[in-house]
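Observations on the three-dimensional arrangement
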Amino acid sequence: MSSFELYFKLGLQHILDINGFDHILFVLALCAVYVARDWKKILILVTAFTIGHSLTLALATFNVVKVRSDVIEFLIPVTIAITALVTLFKPKPSTGKGISLNYLFAGFFGLIHGLGFSNYLKELLGKEASIWQPLLAFNIGLEVGQIVIVASFLLLTSLLHLAGVNRKDWTLIVSAFVLGIACMLMLETKFW
């Protein structure tokens, strides 16, 4: 297996791993307000998250940024809770011409999520002569994994809509569920 393939699979597994469901929850909280026809907006969202995630992952790997891992492990569910909470109170996507709050959440909170995996990836990359290709492969795998999650979620949303489930009610259910899990995670990972 090539180095690229190895790190691509690692990025894919990182986002799809049920034990690391924090990323899945965040992506669901971001996308809860959208439907399949909004696929371009959703693609921008997941790409903004990947860019933020990639930036801090690279900075931490090069030892430019160092943050206590227990603080990051607490902040990750905080980002999920904030995103879900905003969606609960604003269950429709922005239709204005400005940058949607979801895009800002995706990019900025992606920075925090990237720090959460940096120590493990740094250990893996320490064996590599050059870390650029593995880092790129990992982030492409992450992006593909997010697209799989979003596509699956949109398929489920479309099927439920066809079955008569109200879109707003579904958005509120998903957001409340994600918020509840995020609150439990915050309690489990408090660092003080």
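Residues numbered from 1 in each chain as written. Predicted model: local features only at pLDDT ≥ 70, side-chain atom pairs only at ≥ 80, totals over all residues. Heavy atoms only, no water.

**As for the packing of helix α1 (residues 3-16) against helix α5 (residues 101-125)**
Put simply, the rule is: For helices, the fitted axis covers only the stretch in contact; all axes are lines through C-alpha atoms, and the angles between them, taken along N-to-C directions, range from 0 to 180 degrees. Numbering goes from the N terminus for both helices and strands, where a helix is a DSSP run of H or I of at least four residues and a strand is a run of E of at least two. What sets the label is the angle itself: under 35 degrees gives roughly parallel, over 145 gives roughly antiparallel, 65 to 115 gives roughly perpendicular, and the rest give oblique. Crossings are classed by handedness, with left-handed meaning an anticlockwise turn of the near helix from the far one by less than a right angle and right-handed meaning a clockwise turn. Contacts were defined at the residue level, with two residues in contact if any of their heavy atoms lie within 4.5 Å. Residue polarity is assigned by list, with Asp, Glu, Lys and Arg as charged and Ala, Val, Leu, Ile, Met, Phe, Trp, Tyr, Cys and Pro as nonpolar; anything else, Gly included, falls into the polar class.
Contact pair α1 / α5: the axes reach a minimum separation of 13 Å and the direction vectors enclose 165 degrees. Judged on the interaxial angle alone, α5 and α1 are roughly antiparallel. Crossing of α1 against α5: the hand is right-handed. Two secondary-structure elements touch here, α1 through Y7, L10 and H14 and α5 through F117, Y120, L121, L124 and L125. Of the residues contributing to the contact of α1 with α5, the split by class is 7 nonpolar, 1 polar and no charged.

**Quick word on the pattern of salt bridges**
To be explicit about the condition: What makes a salt bridge here is a side-chain nitrogen of Lys or Arg within 4 Å of a carboxyl oxygen of Asp or Glu, nothing more.
Tallied over the entire structure, the rule returns 3 salt bridges. The shortest N-O distance in the salt bridge between R68 and D70 comes to 2.8 Å.

**Quick look at the packing of aromatic side chains**
Aromatic ring pairs are described here by two measures, namely the spacing of the ring centres and the angle between the planes. Test applied: Between 30 and 60 degrees the pair is tilted, below 30 it is stacked and above 60 it is edge-to-face, where a pair is any two Phe, Tyr or Trp rings, Trp via its six-membered ring, whose centres lie within 6.5 Å. Note on exposure labels: buried denotes an accessible area under 20% of the residue type's maximum, exposed denotes more than 50%, and partly exposed covers the range between, all computed with a 1.4 Å probe on protein chains only.
Tallied over the full model, the rule gives 8 aromatic pairs. Between F26 and F49 the ring centres are 5.1 Å apart and the planes differ by 35 degrees, which places this aromatic pair in the tilted class. Taken together, the residues F26 in helix α2 (residues 21-31) and F49 in helix α3 (residues 39-61) connect sequence positions 23 residues apart. Residue F49 is classed as buried on the basis of its relative accessible area of 1%. Considering the side-chain rings of F26 and F109, the 6.1 Å spacing of their centres and the 65 degrees angle between planes classify their relative orientation as edge-to-face. With a gap of 83 residues between them, F26 in helix α2 and F109 in helix α5 connect regions that are remote in the sequence.

**A closer look at a nonpolar patch on the surface**
Basically, it comes down to this: Here, patches come from residues exposed beyond 30% relative accessible area and free of salt bridges, joined within 9 Å for like charges and within 5 Å for nonpolar side chains (Val, Leu, Ile, Met, Phe, Trp, Tyr). Note on areas: these come from Shrake-Rupley sampling with a 1.4 Å probe, and a residue is covered only by the protein chains present in the view.
Where nonpolar side chains cluster on the molecular surface, the patch consists of L16, L136, I140, V144 and V148 and spans about 360 Å² of accessible area. Of all the elements, helix α6 (residues 132-162) adds the most residues to the nonpolar patch, at 4 residues. With respect to the helices and strands, the residue L16 is situated in helix α1.

**Details of helix α7 (residues 167-189)**
Formally: What a helix should span is 1.5 Å times the count of its residues minus one. The definition of a polar contact used here is a pair of N or O atoms within 3.5 Å, where within protein one atom must be able to donate a hydrogen and the other to accept one, and adjacent residues in sequence count solely through side-chain atom pairs.
Over its 23 residues, α7 extends 33 Å from the first C-alpha to the last, a length consistent with the 33 Å expected when each residue adds 1.5 Å. Taken residue by residue, α7 has W170, T171, V174, S175, V178, L179, I181, A182, L185 and M186 as its buried positions. Of the surrounding elements, those touching the buried residues of α7 are α2, α4 (69-89) and α6. Backbone nitrogen of K168 and a side-chain oxygen of the N-cap are separated by 2.8 Å at the start of α7; the cap is N166.

**Examining α5**
Heads up, the rule is: Two axes define the bend at a residue: one fitted to the seven residues ending there, one fitted to the seven starting there, and the bend is the angle between them.
Here α5 spans 34 Å end to end across 25 residues, near enough to the 36 Å set by a 1.5 Å rise per residue. S118 marks the point of greatest bend in α5, at about 45 degrees.

**Some details on the environment of E73**
Looking at the element boundaries, E73 is found in helix α4. On the basis of relative accessibility, which here comes to 34%, the residue E73 falls in the partly exposed class. Separated by 67 residues in sequence, E73 and L6 have C-alpha atoms that sit 25 Å apart. Every residue in contact with E73, bar those within four places of it in the chain, is listed here: G116 and T189.

**Concerning the nonpolar core**
Quick reminder of the rule: Throughout this description, the term nonpolar core refers to a set of buried Ala, Val, Leu, Ile, Met, Phe, Trp, Tyr and Cys residues connected via side-chain atoms within 4.5 Å.
Counting 44 residues, the largest nonpolar core has L30, C31, L45, I80, V150 and V178 as its most contacted members. Secondary structure elements with two or more residues in this core: α2, α3, α4, α5, α6 and α7.

**With respect to the packing of α2 against α5**
Between α2 and α5, whose axes approach to 11 Å, the crossing angle comes to 170 degrees. Relative to α5, α2 is oriented roughly antiparallel. Taking contact as the criterion, the partners of D22, H23, F26 and L30 in α2 are, on α5, N102, F105, A106, F109 and H113. Taken together, the residues of the contact of α2 with α5 break down into 5 nonpolar, 3 polar and 1 charged.

As far as function goes, none of this settles anything; it's purely spatial.
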